[in-house]
Amino acid sequence: MEMVYDLLKITIPGLLILYTAYLIVRSFMNKQLDELHLSLRHKNQEVVLPIRLQAYERICLLLERISPNHIIPRLNEKDLSAKQLQGALVSEIRSEFSHNLSQQVYISEEAWIYVTGAIEQLISLINESANELEDSATSLDLAKMVFEKNMRNQQDTIRGALSFIKNEIKELF
């Protein structure tokens, strides 16, 4: 019995020391792992943050380029009919949009919804304006109609989308 008692006197402190060493090593390893995750996250932010900012810039540029104030003067020619200008405008808007589709990966879902809504609303505005004109209407007639409808529109979705994106950029950066 005395031998068991002596064995316990040696074993119990040894086990306590071993358990304490285990806790210290585990704590140290968890701290190292947390520091590694923090370092990786920081390095990831250094890489992703500029890309996200560039995506927001490209989306702002897209919205500015397709706004009626910029796209109509760029595409309107005197000898075009209203239907030809309508086709050119819709084609250019869709082309600009498809060129920037990949940017949705880097911006928020809500911002992307604003962007797609603004584009759809603008295409709808152009098509409605063209449908209200006679077949013999000129591109100038369509341009006037689009500008008038856009000015009468209570909610300019392109300006709304731009405003939302700018506010989101301010929050993020």
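Everything here concerns the structure above.
Residues numbered from 1 in each chain as written. Predicted model: local features only at pLDDT ≥ 70, side-chain atom pairs only at ≥ 80, totals over all residues. Heavy atoms only, no water.

Observations concerning the environment of Ile165
Structurally, the position occupied by Ile165 is in helix H6 (residues 157-172). A residue is classified by how much of its surface remains accessible, and Ile165, at 0% relative accessible area, is buried. Once the C-alpha coordinates of Ile165 and Trp112 are considered, the two residues, 53 residues apart in sequence, prove to be 9.1 Å apart. Contact partners of Ile165, with chain neighbours within four places excluded, come to Tyr56, Ile59, Cys60, Leu63, Ala111 and Val115. (Helix = DSSP H or I, 4+ residues; strand = E, 2+ residues; numbered from the N terminus. Buried < 20%, exposed > 50% of the residue type's maximum accessible area, 1.4 Å probe, protein only. Contact = heavy atoms within 4.5 Å.)

A look at the side chain of Ser67
Mapped onto the fold, Ser67 is located in the loop between helix H1 (2-66) and helix H2 (68-75). There is a polar contact of 2.9 Å between the side chain of Ser67 and the side chain of His70. Ignoring any residue separated from it by four or fewer positions in sequence, one finds Ser67 in contact with Ile158 and Arg159. (Polar contact = N/O pair within 3.5 Å; in protein donor to acceptor, adjacent residues only side chain to side chain.)

A word on the side chain of Glu168
Along the chain, Glu168 falls in helix H6. If sequence neighbours within four positions are ignored, Glu168 has contacts with Tyr56, Ser108 and Ala111.

Structural notes on the packing of H2 against helix H3 (residues 82-99)
Here H2 crosses H3 at 120 degrees, and the two axes come no closer than 10 Å. Comparing their axes, H3 and H2 come out oblique. Every pair of crossing elements has a handedness; the one defined by H2 and H3 is right-handed. Of H3, the residues touching H2 (which contributes Ile71, Ile72, Arg74 and Leu75) are Leu85, Ala88, Leu89, Glu92, Ile93 and Glu96. Taken together, the residues of the contact of H2 with H3 sort by class into seven nonpolar, no polar and three charged. (Axes fitted to C-alpha atoms, helices over the stretch in contact; angles between N-to-C directions. Parallel < 35°, antiparallel > 145°, perpendicular 65-115°, else oblique. Left-handed = near helix turned anticlockwise from the far one by under 90°. Nonpolar A, V, L, I, M, F, W, Y, C, P; charged D, E, K, R; others polar.)

Here we look at the environment of Tyr106
Along the chain, Tyr106 falls in the loop between H3 and helix H4 (109-132). For Tyr106, a relative accessible area of 31% corresponds to the partly exposed category. If near-sequence neighbours (up to four positions away) are discounted, Tyr106 is found in contact with Ile51, Arg52, Ala55 and Tyr56.

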